[in-house]
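Examination of the molecular architecture
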Amino acid sequence: MNKHSHSSLPILTITLSLFSVDFILALLHLFLSNHAHFGAFFNLSQEANLPTWYSSFKLTLAALAAFYCYRIEAHKKHAWLWLVVALLMLLMSIDETAQIHETLSVWFMNSLAGNRLRIAFEIGAAGGPLLWGIIFAPILILLAGGLLSFYYHRFQNHLNYLWLAGIAILLLFLSFLLEQNQANIAGQISNIKLDDIQRYKIMSLFEELCELMAINFFLLIHLAYIQQARFQKIR
Amino acid sequence: MNINKVIRNILIISIGLSLAMFGYLLSIIGSDKNDYLIPAPNLVLFSVDTLRADHLEIYGYPRETAPNLSQLSKEGIVFDSAYTVSTHSAPAHAAMLTGLYPLQHGQVQNGLALPNNIETLAEHLTKQGYATGGFVSDIILGRESNLQQGFQSFGVDHINSGSPAHISQSWSARVWKRAQQWLSSWNQQLQVSKQAGKEYQRQPFFLWLHANHPHGNYNPPPGFRTLFMDGPSASLEEKLAQNNNDLDKLIRSALQNGDVDQDLIDWTLNLYDGEIRFVDSLLGQLIDYLKKMGEYQRTVIIFVSDHGEMFFEHAQPGQPRSAAHHAGLYFEPVLKIPLVIKPSVHFNGNRNQRVAGNVESLDIFNTAFELLGLRIPAKSQSRSLLPLMQKPESTAGRDITYFGEILFKNKCCGLRQQEWRLIRCESPGNASKYKLYNLAQDPRQNNDLYSKHPAKAKALELLLDKWIAEQKSAATQSLDNMSEEMRQVLEAGGYIKNKDS
């Protein structure tokens, strides 16, 4: 028993820590994001700052955890799927830091096709890049379907994990919807009102929180799965 | 439940949804495979003042007045039957920039301002993220006209006709220099973005360039005066000297005395054609500059005139403005305008084509939106020319073309349906005056058939009344508010009679 408690992962502590940091980031966004000098560093609606770095860090952890899962299940059939998940999380982490999807969206939105897309969704030029979710929707849908299938396959006997994975995917979907709403607000930049700016800020908060929490869930289920695998091995 | 079956279903649903979304996106961004990721097109509106269509080679003129335009037309579409909606520059330009007839947008004559509540092409494009610059060479289109609405940069260069500065400098050339500087600044920004590895952040531009040549007085810059003739005849030179070398004054005097001879007409046309050639050289410089910037292929160029000009066809003694002028002269050489559209690389259709169907100058508005891949504003009265550009063999142009404006306090409107043209001028307190012409039998409009064809006249009157009833401008402006400078320009140009007009 002692041996087990020494090697176990403090899942509860990790969970509390992850959500606490998210909460602190939310507070920093609410109270400091308008600061003239370092507001951008805490602004959840901007890139290349503390929340982005933190989000990227968590995705890297989730990728490492997935890789560890692969190591544990290396002998099993379809274990390589864990590698795919690890790679996906790693790519998401890189994307978060390198702003790849934002860059591609701006590029796309400056094309004639981008004009047409913005017009179809009645979004002004300023909101165009926020439509990245629409541009990449076919890929995102495939990824969501793939992840759901994978977790269903792996956690068929662990309904709690399956639920958490489902919630994580739902949170990402919610985040995507909120970002499209932000595009609507930003797109009417020429006649944007103070209320709209407040609404945009609140929307950014919820959108980023959804994203941060979704990553938490991915990380937690990977860690919990590792914990369980190790526990079963010890037993 | 069979696990594999569930997973298979999830995957099938996601693949199906993904494909459906992909198809939906494709349907939105169009089926032209070659234009998906090419940067959005730029737009150049090159408007020339007082340019008659039939003085251009592309419309059959024997003199080589516009070689650059001819070249441009090979890469674009030429409209054989384009008509202006006003014989005044400001209302005509306002129609192109708003997609509305003058009686709808409210700027019904030179000297009035376009109402603030009317949205212009520049306003729409600025909202869509375009860099917008307008450069005009006539005070009539300057800030008092309010046509600068929506332009982030706007410049006016105006030199009074006949002034020494007008003769020594070319106002249109000065405007082109301004536009060139603006383009250069735009290009510099692009280069900075490129160097920072952020070329994808490029912002397309909309440039409106207005060249006041060949508007009278006809004074082409040196080098363009004797392109088509060695010089005036000896007798004409003598007459010109007697009139301080002021051609306009000589024409007025000749009309007054019934002394208009072929020498005078030939020299006038030579100068007019020289001005066209000069403007064409500016067009050539613009094209070269766009090519140098690497933007020519992705730029839509619309070449158009606001109205044409009369040359002695209906000159009447005692009415000097009937000789070489345009305002209120509702004849084919004034109403018919040149229109060439060179689409960007995104265009899905054949180039070097001609469209025979009737179109109106305000149709430029909707066409621009379509060529830029943007949604046409709901309030527009314009019709997109894109279907005609893609299928030029179609004759499905406008069945009826209209014009409407205020001239010396008279509301003058008219329409053309097939070979018939009806013109009506209403002056306050007097009965309306009508004229009816059959353009097939009488293209020069010499024979007024209004009393001879009452049934036809009545039918066209009803159509005109119906059209007027649809024009709902709430603008109630007065010329009393214009500046003294504007008043002088309008009086000198024959657009208003005196301070009481």
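This is a predicted model, so every value here is computed, not measured.

About the thresholds
- Residues numbered from 1 in each chain as written.
- Chains lettered and ligands numbered in written order.
- Predicted model: local features only at pLDDT ≥ 70, side-chain atom pairs only at ≥ 80, totals over all residues.
- Heavy atoms only, no water.
- Disulfide = S-S within 2.5 Å.
- Helix = DSSP H or I, 4+ residues; strand = E, 2+ residues; numbered from the N terminus.
- Core = buried A, V, L, I, M, F, W, Y, C linked by side-chain atoms within 4.5 Å.
- Buried < 20%, exposed > 50% of the residue type's maximum accessible area, 1.4 Å probe, protein only.
- Contact = heavy atoms within 4.5 Å.
- Buried area = accessible area lost by both parts, 1.4 Å probe.
- Salt bridge = Lys/Arg side-chain N within 4 Å of Asp/Glu carboxyl O.
- Polar contact = N/O pair within 3.5 Å; in protein donor to acceptor, adjacent residues only side chain to side chain.
- Axes fitted to C-alpha atoms, helices over the stretch in contact; angles between N-to-C directions.
- Parallel < 35°, antiparallel > 145°, perpendicular 65-115°, else oblique.
- Nonpolar A, V, L, I, M, F, W, Y, C, P; charged D, E, K, R; others polar.
- Phe/Tyr/Trp six-rings, centres within 6.5 Å; stacked < 30°, edge-to-face > 60°.
- Pairing = 2+ DSSP bridges.
- Expected span 1.5 Å × (residues − 1).
- pLDDT = per-residue confidence, 0-100.

Right, let's talk about the state of the cysteines for a bit. All names here are of chain B. This model, assessed by the stated rule, comprises one disulfide over all chains. Across a sulfur-sulfur distance of 2.1 Å, Cys412 and Cys425 are joined as a disulfide pair. Looking down the S-S bond of the Cys412 and Cys425 bridge, the torsion is 120°, so its handedness is right-handed. Taken together, the residues span a long stretch of sequence, with Cys412 in strand β10 (residues 410-417) and Cys425 in strand β11 (residues 420-426) at a distance of 13 residues.

In summary, soluble globular proteins display a tendency toward joint burial of nonpolar side chains. Residue and element names in this part refer to chain B. Counting 62 residues, the largest nonpolar core has Leu43, Phe79, Ile140, Phe206, Trp208, Leu339 and Ile341 as its most contacted members. Among the elements that line this core, the one with the most residues is helix α12 (residues 363-371), at five residues. Membership of the second largest hydrophobic core comes to 57 residues, among which are Ala53, Leu209, Leu247 and Leu283.

Looking at the secondary structure, you find Ala66(B) in the loop between β1 (42-48) and α2 (67-74). Ignoring sequence-local partners within four residues, the contact set of Ala66(B) consists of Leu56(B), Glu57(B) and Asp280(B).

This next bit is on the interface of chain B and chain A. Taken together, the 37 residues of chain B in the interface contact 33 residues of chain A. Summed over both sides, the interface of chain B with chain A buries roughly 3,000 Å², with 69% coming from carbon and sulfur. Viewed at the interface, chain A and chain B are joined by zero salt bridges. Along the contact surface separating chain B from chain A lie three residue pairs in polar contact (both at pLDDT 80 or more).

Residues and elements named next belong to chain B. Where α2 meets helix α10 (residues 262-293), the closest approach of the two axes is 7 Å, and the angle between their N-to-C directions is 50°. Between α2 and α10, the crossing angle belongs to the class labelled oblique. Contacts between α2 and α10 involve Pro67, Asn68, Leu69 and Leu72 on the former and, on the latter, Arg277, Asp280, Ser281, Leu283, Gly284 and Ile287. Taken together, the residues that form the contact of α2 with α10 break down as five nonpolar, three polar and two charged.

This structure, assessed with the given rule, holds 19 salt bridges over all chains. Note that Asp248(B) is salt-bridged to Arg252(B), the shortest N-O span being 3.5 Å. Here Asp248(B) and its partner Arg252(B) are both found in helix α9 (residues 247-257), four residues apart, which amounts to about one turn of the helix. On the basis of relative accessibility, which here comes to 35%, the residue Arg252(B) falls in the partly exposed class. The structure contains a network of salt bridges with shared partners spanning Glu73(A), Lys76(A) and Arg154(A).

Enumeration over the complete set of coordinates arrives at 35 aromatic pairs over all chains. Note on Phe155(A) and Tyr225(A): the rings are 5.1 Å apart at their centroids and 65° apart in plane angle, and the pair reads as edge-to-face. Of this pair, Phe155(A) sits in the loop between α9 (137-154) and α10 (159-187) while Tyr225(A) is found in helix α11 (residues 194-234), placing the two residues 70 residues apart along the sequence. Judged by relative accessible area, Tyr225(A) falls into the buried class, the value being 9%. Centroid distance Tyr218(B) to Tyr272(B): 5.4 Å. Interplanar angle 80°. Geometry classified as edge-to-face.

All names here are of chain B. For strand β7 (residues 336-342), a buried count of six out of seven residues is recorded, marking the element as mostly surrounded by other parts of the structure. Relative to β7, strand β6 (residues 299-305) is paired through four bridges, and the arrangement is antiparallel. Each bridged residue has a counterpart across the sheet, and for Ile302 the counterpart in β7 is Ile341.

Moving on, we come to helix α4 (residues 50-72) of chain A. Taking 1.5 Å per residue as the helical rise, α4(A) with its 23 residues ought to reach 33 Å, and the 33 Å between its terminal C-alpha atoms agrees with that figure. When we look at burial in α4(A), the residues that qualify are Pro51(A), Thr52(A), Tyr54(A), Ser55(A), Ser56(A), Lys58(A), Leu59(A), Ala62(A), Ala63(A), Ala65(A), Ala66(A) and Cys69(A).

This part takes up the confidence of the model for chain A. Close reading of the predicted structure is inappropriate where its pLDDT is low. When pLDDT is averaged along chain A, the result is 86; 93% of the residues meet or exceed 70. In the model, residues 1-5 of chain A has pLDDT below 50 throughout and makes two contacts with residues more than four positions away in sequence or in other chains.

All names here are of chain B. That bond from His213 to Pro214 is cis: its omega, 5°, falls within 30 degrees of zero. Along the chain, Pro214 turns up in the loop between β5 (205-211) and α8 (234-242). Unusually for a residue other than glycine, Asn245 sits at a positive phi of about 60°. Within the secondary structure, Asn245 is located in the loop between α8 and α9.

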